[in-house]
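# Architecture and fold: a report
The residues making up each chain are set out below.
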Amino acid sequence: MRKDKLAIHLKASIYVVIFAGMLMSCANRKRVEIDLSGDWKFQIDRMDQGFNEKWYKQELSDTIILPGSMPEQNKGIPVGYNTKFTGNIWREYPASKYWYDDENYKPYLSDDKFRFPFWLVSDYHYVGAAWYQKKVTIPKDWNGKKVELYLERPHWETKVWVNDTYVGVNNALGVPHIYDLSEYLNPGDNAITICIDNRVKDVNVGIDAHSISDNTQSNWNGIIGDIKLLQKDMLFISNVQIFPDLENKMARLEIEIGNDTESPMYGEIKVSASSIYTEEVHSVDAVSTTFNSDAGTKIIELEYPMGEDVRLWDEFHPNMYQLKVELTSNELGDVWTGNFGMREFRNVGKSLENNGRPVYLRGTLDCAVFPKTGYPPTDRKSWERILNVCKAHGLNHIRFHSWCPPKAAFDAADKLGFYYQVEASAWAVNLGDSTALDQWIYDESERMVSEYGNHPSFCLMPYGNEPHGKNHKAYLIDFVKYWKAKGDKRRIYTTGAGWPLIPENDFHNTHRGTRIQGWNQNLESVINKEAPRSDYDFEKTVANLKAPMIAHETGQWCVYPNFKEMEKYDGVMKATNFEIFQKSLEAHGMLHLTDDFVKASGMLQVLCYKADIEAALRTKGFSGFQLLDLSDFSGQGTAIVGILDAFYEEKGYVTPAEFRQFCDVTVPLARFKKMIFTSDEKVACDIEIAHYGEKELKGVEPAWKIVDADGNTVKEGTLDKTDISFGHNIQLGSISETIEISEASEFQLQVDVAGFVNTWDIWIYPAELPKVESDVMVVSTLNQKALATLENGGKVLLTVKKGSIKEGKGGEVAVGFSSIFWNTAWTNYQKPHTLGILCNPEHPALADFPTEYYSNWQWWDAMSHSNAFNIEGFENTTEPIVRIIDDWVTNKPLALIFEAKVGNGKLIMTGVDLQSDLDNRPEARQMLYSFKKYMSGEYFNPTTEIGVAEIEGLFQK
């Protein structure tokens, strides 16, 4: 069709042209709809016979309800061990071996119920063609009108027939499928037949792309959202794109008119707007103009003044307008309405700005995990719930990982003030290799912008996730250039989430050097290799970059599965993975510890997220971070990385308010060079702030205090009164204090800036410890002297050097301080393999080593110099003083410290090396002191008997 452009510039004095004889009532015309939701005929086409056998001419044999999916209505093939899922399991097994041969899963599988360890599964699975058919009665007055079939969110490819005639095909993933049925429908009864195919065919977006993968939402077949026939005149408004112009306080409109009358038409366009979601309505003066249009499509450009008092959209004031465009020409007419916000989101140097003020994106990923349905909601209320949970945790941003959400998600973000990064539904492995995907990415991104481009929440757009292919970089350079050349500045553009970093990017989105645990860093990461501190950042990574950096997939810190969550999976998706892990834990005799494992590992998880987020907030040249995830990611090996579960609900170990201390619009930050002190040192740190709140802070006097474990203030003070503008790396002052102690003590620094409080735990150990009069023998192996001591009823502290334990007895377990990164199954056992400690802080062995029941920074030294003991083979069960929480896949009962009666003597065995380099390890000195003091007292009287051979059997020979 021919496309012309007509630019009409209107001055502040608004005029209206009214054609003589024009029927103005047409301007109020409403589009007429027929709702197609409800019962549909249905038939599965497993053998691809439907096309050749002309099923569109037949009545299908089964029924189904739409909107909906096949799995939620038990349509398809029962899931089982031969199911070919859409998605990688990412585990490497020897030849002829499969996941169900894995010794970690095999004992907990059965023939009567299928269980799968790597992601959620539905009871029924189907990949292929399925046919849907509905009879509809078309009113006589629809004759000669334009009629469209609107399918809000099919999955995936649709082909449509009306009666016996083929209409067309559509393979969009992120936007509605719309078919023009004007030439095919007749007054009276008609049959609409749709073939939906959810296979990966010539367009391969990647089987792990969250738009199609069983890893996340599931590769479902069906249609969700609105399903309807829409009738309008043959002269109609096909699209309106709204481009805010803040400098001139106007909106530039591109109004696309379709003329299917085959005759030239002329008439009037009237534009009006008013605010929505607000008690006080702001109405914008209407403007009108004339148009003329030949047959085909024409774009009318119009500058629409928004008034001197125009309201802008941002996260604090998400002012929204609804635009109404009325088209009239003689007896024909159409009305289009759509929402928009007046905002300007852009990159300025290394910073992001919205409406000229700095923005820092505090984001999470939405990976299309929807356990109840297996597909995303299409109602605004559901999305508002998700966004309100995110806001409660201090976030203002969501990245939609390799998928595009439905309209309701944009509407919710527009209303609540959220910034979105939306992707063209791909995680490609062959990008730029001249396959059908290459053009499809361009087409899909165009479709997304056409459908959702007016939403102010749609701020950032890459092609998709982590691209691969020998030509992917050249392809994505062209992709970014293409979108920047179009001049659509309503959003900013980058290549891909993850890489490559090119000069053409409006912003960068990478994980390399932007988080405290990188892919395959194992125990060489900041958090696992370097002693506890909070003065590091990632500035070296971004120093030479010219565009803003948003850290890619920050965090990925795991927590132990919460089996109480299993009862929530009462919808389509079932947590059979949790069933496997629970049965494994029970088989290893620790089911009673489930809640303790969740809470203890959860507290370590929060500590890791705090460290990651604060490092991002400290980094000059950063403009945000994107967590993976605030909620659990249920696929890719089962990645239990959320402080919230897959339903966006709390797990019980951290509240939104606690999380907001270090993830909010305003966050005080402390740069500690160390967090473990001795009594002859001053507790010192520099205080700064990241402030991206609603207003600048004037005349603020930052206050601080150091409190002891009971909450008593031991030191306090204020920093210089100051004004705080927007930004981060804003220096507030320094703290340097001597704190007198009589024993090892834990303290907390609390910094309050204008009501925003953040806290840091620190420890002070005596520089000189009292001498313990003790008859305890300290050894690193059960040598002859130690054996003799035990035989003679003596006391032995067996403190093991790292690497001394053999495989099968704990030596294969890589112990680190941090939680597990993502999971071990999907990362091929990247280290560490553990989830921190669980201990009884009241145990007298720890009386002089202040601790909580979970890993905090004072355990970094121990975990960095330790072995795990697998105590499952002991004849008598011992309750460890300190446990190490194992990976939920293996569930080994791991001890770090335990006590036992050995022969006639008494033993404490610790996997922590308490003999090496003690001059530089105050935590180790303190732990050694605490053990010796306990062992020298009357309370040291273990009753569990463990044989010498059992102890010796832990060691390498």
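A short tour of the structure in this document, coming up. (Residues numbered from 1 in each chain as written. Predicted model: local features only at pLDDT ≥ 70, side-chain atom pairs only at ≥ 80, totals over all residues. Heavy atoms only, no water.)

## A word on the overall build of the protein
For the record, the criterion: Counting from the N terminus, the helices are the DSSP runs of H or I reaching at least four residues and the strands are the DSSP runs of E reaching at least two. C-alpha atoms define the radius of gyration in this analysis, and the globule rule sets the expected value at 2.2 Å times the number of residues to the power 0.38. Note on contacts: a residue pair qualifies if any of its non-hydrogen atoms lie within 4.5 Å across the two residues. Lys and Arg are tallied as positive, Asp and Glu as negative. Neither His nor the chain termini are counted. Taken as the charge centre is NZ of Lys, CZ of Arg, CG of Asp or CD of Glu, depending on the residue.
In terms of regular secondary structure, the protein is built from 13 helices and 48 strands. The C-alpha radius of gyration of the protein comes to 32 Å, within 12% of the 30 Å expected for a compact globule of 957 residues. C-alpha extents for the protein along the principal axes are approximately 115 × 70 × 45 Å. Considering only residue pairs separated by 6 or more positions, the protein has 74% of its internal contacts joining residues 24 or more positions apart. Separation of charge centres in the protein, based on 99 positive and 134 negative side chains, amounts to 3 Å.

## Points about the pairing of strand 21 (residues 332-340)
The following threshold applies: Accessible area is worked out with a 1.4 Å probe on protein chains only. A residue is then buried under 20% of its type maximum, exposed over 50%, and partly exposed in between. At least two bridges found by DSSP between two strands is the condition for calling them paired.
Summarising burial for strand 21: seven of the nine residues are buried, a large majority. Note that strand 20 (residues 320-329) and strand 21 share nine bridges and pair antiparallel. Looking at the pairing, Leu 327 lines up with Asp 334 of strand 21. Joining the antiparallel neighbours strand 20 and strand 21 is a turn of two residues, in which Asn 330 adopts a positive phi near 50 degrees.

## A short note on the nonpolar core
Counted only if it meets this: Among buried residues, those of type Ala, Val, Leu, Ile, Met, Phe, Trp, Tyr and Cys that are joined through side-chain atoms within 4.5 Å constitute a nonpolar core.
Judged by nonpolar contacts, the single largest core of 198 residues is most densely connected at Val 205, Tyr 420, Phe 659, Phe 672, Leu 749 and Trp 859. A total of 13 residues in this core trace back to one element, the largest contributor, which is helix 8 (residues 594-618). What Tyr 420 contacts, discounting residues up to four positions off in sequence, is Leu 387, His 397, Ile 398, Phe 400, Ala 409, Phe 410, Ala 413, Ser 457, Phe 458, Cys 459 and Leu 460.

## A short note on helix 1 (residues 380-392)
Let me state the cut-off plainly: To estimate the expected span of a helix, count its residues, drop one, and scale the result by 1.5 Å.
If you check helix 1, its first and last C-alpha atoms are 18 Å apart, about what 13 residues at 1.5 Å a residue would give, namely 18 Å. Within helix 1, the full set of buried residues consists of Trp 383, Glu 384, Ile 386, Leu 387, Val 389 and Cys 390. Looking at the buried positions of helix 1, the neighbouring elements they touch are strand 25 (361-366), strand 26 (397-400), helix 2 (407-416) and strand 27 (419-421). Just downstream of helix 1, Gly 394 is the residue with a positive phi angle, here 90 degrees.

## Here we look at the packing of helix 3 (residues 436-452) against helix 4 (residues 472-485)
To be explicit about the condition: Each axis is a line fitted through C-alpha atoms, and for a helix only the stretch in contact is used; angles between axes span 0 to 180 degrees, taken between their N-to-C directions. Each angle is binned into one of four classes, with values under 35 degrees roughly parallel, values over 145 roughly antiparallel, values of 65 to 115 roughly perpendicular, and all other values oblique. Take the far helix as the reference: if the near one is turned anticlockwise from it by less than a right angle, the crossing is left-handed, and if turned clockwise, right-handed. Charged residues are taken to be Asp, Glu, Lys and Arg, nonpolar residues to be Ala, Val, Leu, Ile, Met, Phe, Trp, Tyr, Cys and Pro, and polar residues to be all remaining types, Gly included.
With their axes 12 Å apart at the nearest point, helix 3 and helix 4 run at an angle of 25 degrees to one another. In terms of orientation, helix 3 lies roughly parallel with respect to helix 4. Remark: the crossing between helix 3 and helix 4 carries right-handed chirality. Across from Leu 437, Asp 438, Ile 441, Tyr 442, Ser 445, Glu 446 and Val 449 in helix 3, the residues of helix 4 making contact are Tyr 475, Asp 478, Phe 479, Tyr 482 and Trp 483. Taken together, the residues that form the contact of helix 3 with helix 4 break down as eight nonpolar, one polar and three charged.

## Regarding the packing of aromatic side chains
Aromatic ring pairs are reported here in terms of the distance separating the ring centres and the angle at which the planes meet. What counts, and what does not: For this analysis, a ring pair means two rings from Phe, Tyr or Trp (six-membered ring only for Trp) whose centres lie within 6.5 Å, classed as stacked if their planes differ by under 30 degrees, edge-to-face if by over 60, and tilted for the remaining angles. For a ring to carry a charge above it, either NZ of a lysine or CZ of an arginine must fall within 6 Å of the ring centroid while also lying within 35 degrees of the normal to the ring plane.
Applying the stated criterion across every chain, the model contains 63 aromatic pairs. Taking the centre distance of 4.8 Å and the plane angle of 40 degrees together, the rings of Phe 85 and Phe 116 count as tilted. With Phe 85 in the loop between strand 6 (77-78) and strand 7 (124-125) and Phe 116 in the loop between strand 6 and strand 7, this pair connects stretches of sequence that are 31 residues apart. Its relative accessible area of 18% is what places Phe 85 among the buried residues. A ring pair is formed by Phe 874 and Phe 898, whose centres lie 5.8 Å apart and whose planes are at 65 degrees; its orientation type is edge-to-face. Here Phe 898 lies in strand 47 (residues 894-902) and Phe 874 lies in the loop between strand 45 (869-870) and strand 46 (882-886), a separation of 24 residues in the sequence. Judged by relative accessible area, which is 0%, Phe 898 ranks as buried. Members of the aromatic cluster, each reached through a chain of ring pairs, are Tyr 81, Phe 85, Tyr 98, Trp 99, Tyr 100, Tyr 105, Phe 114, Phe 116, Phe 118 and Trp 119. When the ring centre of Tyr 277 is taken as origin, the NZ or CZ atom of Lys 415, which lies over that ring, is 5.4 Å away. Positioned above the aromatic ring of Phe 458 is the side chain of Arg 491, whose terminal nitrogen or guanidinium carbon lies 4.6 Å from the ring centre.

## Here we look at helix 10 (residues 784-791)
Condition: Arc definition: it is the arc formed by the directions from the helix axis to the C-beta atoms. Two N or O atoms count as a polar contact when they lie within 3.5 Å, although within protein this holds only if one can serve as hydrogen donor and the other as acceptor, and sequence-adjacent residues are included solely when both atoms are side-chain atoms.
Taken as a whole, helix 10 has its buried residues at Ala 786, Thr 789 and Leu 790. Axial view of helix 10: buried residues confined to an arc of 95 degrees, hence all on one face. Exposed positions of helix 10 whose direction lies more than 90 degrees from the buried face are Gln 784, Lys 785 and Glu 791. Between the side-chain oxygen of the N-cap and the backbone nitrogen of Lys 785 there are 3.3 Å, and the N-cap of helix 10 in question is Asn 783. Positive backbone phi, approximately 85 degrees, marks Gly 793, located one or two places after helix 10.

## A word on unusual backbone geometry
Omega for the peptide link from Leu 66 to Pro 67 comes to 0 degrees, which places this bond in the cis form. Cis geometry marks the peptide bond from Leu 628 to Asp 629; its omega dihedral reads 5 degrees. Within the secondary structure, Asp 629 sits in the loop between strand 31 (622-627) and helix 9 (656-660). Even without glycine at this site, Asn 828 takes up a positive phi of about 55 degrees. If you trace the backbone, Asn 828 turns up in the loop between strand 43 (795-799) and strand 44 (834-839).

## Focus: the pattern of salt bridges
Charged atoms that come close allow side chains of opposite charge to pair. Basically, it comes down to this: In the sections that follow, a salt bridge refers to a side-chain nitrogen of Lys or Arg positioned within 4 Å of a carboxyl oxygen of Asp or Glu.
Using the criterion set out here, one finds 53 salt bridges in the structure. Residues Glu 579 and Arg 115 are paired through a salt bridge, measuring 2.8 Å at the closest nitrogen-oxygen approach. Taken together, the positions of Glu 579 in helix 7 (residues 576-587) and Arg 115 in the loop between strand 6 and strand 7 put the pair 464 residues apart, joining distant regions of the chain. Summarising the burial analysis for this pair, Glu 579 and Arg 115 share the class buried.

## Points about the packing of helix 1 against helix 2
The N-to-C vectors of helix 1 and helix 2 enclose an angle of 50 degrees; their axes lie 8 Å apart at closest approach. Comparing their axes, helix 2 and helix 1 come out oblique. The hand of the helix 1/helix 2 crossing is right-handed. Contact with helix 1, carried on its side by Arg 380, Trp 383, Glu 384, Leu 387, Asn 388 and Lys 391, involves Ala 408, Ala 409, Asp 411, Ala 412, Ala 413, Lys 415 and Leu 416 of helix 2 and no other residues of that element.

## What to know about the sheet that holds strand 24 (residues 357-359)
Working definition: the strands of a sheet are paired by backbone hydrogen bonds and lie parallel or antiparallel to each other. In spatial order, the strands read 22-23-24; together these three strands make up an open sheet with antiparallel pairing. Where the open sheet ends on each side, the last strands, each with one partner, are strand 22 (345-348) and strand 24. Neighbour to neighbour, the strand axes of the sheet diverge by 45 degrees on average, direction disregarded. In the sheet, strand 22 pairs with strand 23 (residues 351-354) via four bridges, with the strands oriented antiparallel. Bridging across to strand 23, Phe 345 finds its partner in Asn 354.

## Side note on the side chain of Asn 396
Along the polypeptide, Asn 396 turns up in the loop between helix 1 and strand 26. In this structure Asn 396 comes out as buried when scored by relative accessible area, which is 1%. At 3.3 Å, the side chain of Asn 396 and the side chain of Glu 315 are in polar contact. Polar side-chain contacts of Asn 396 include one of 3.1 Å to the backbone oxygen of Tyr 360.

## A word on the sheet that holds strand 8 (residues 129-138)
Pairing within the open sheet is antiparallel, and its six strands lie in the order 4-3-8-13-10-11. Pairing within the sheet leaves two strands with one partner each, and these edge strands are strand 4 (62-66) and strand 11 (165-170). Averaged over neighbouring strand pairs, the angle between their axes works out to 30 degrees when direction is ignored. Direction of pairing for strand 8 relative to strand 13 (residues 188-197): antiparallel, over a ladder of 10 bridges. Its bridge partner lying in strand 13, Tyr 132 is registered against Ile 194.

## Points about the environment of Leu 173
Mapping Leu 173 onto the fold places it in the loop between strand 11 and strand 12 (177-180). For Leu 173 and Ala 426, which are 253 residues apart along the polypeptide, the C-alpha to C-alpha distance reads 9.6 Å. The residues touching Leu 173, leaving out its near neighbours within four places in the chain, are Arg 153, His 155, Trp 156, Val 205, Ser 211, Ile 212, Ser 425, Trp 440 and Glu 444.

## Observations regarding the side chain of Asn 505
With respect to the helices and strands, Asn 505 occurs in the loop between strand 29 (492-493) and helix 5 (526-529). Reaching out from Asn 505, the side chain makes a polar contact with the backbone nitrogen of Thr 495 at a distance of 3.1 Å. At 3.2 Å, the side chain of Asn 505 forms a polar contact with the side chain of His 508. If sequence neighbours within four positions are ignored, Asn 505 has contacts with Val 480, Tyr 493, Thr 494, Thr 495, Pro 500 and Ala 547.

Interpretation in functional terms is not warranted from these geometric data alone.
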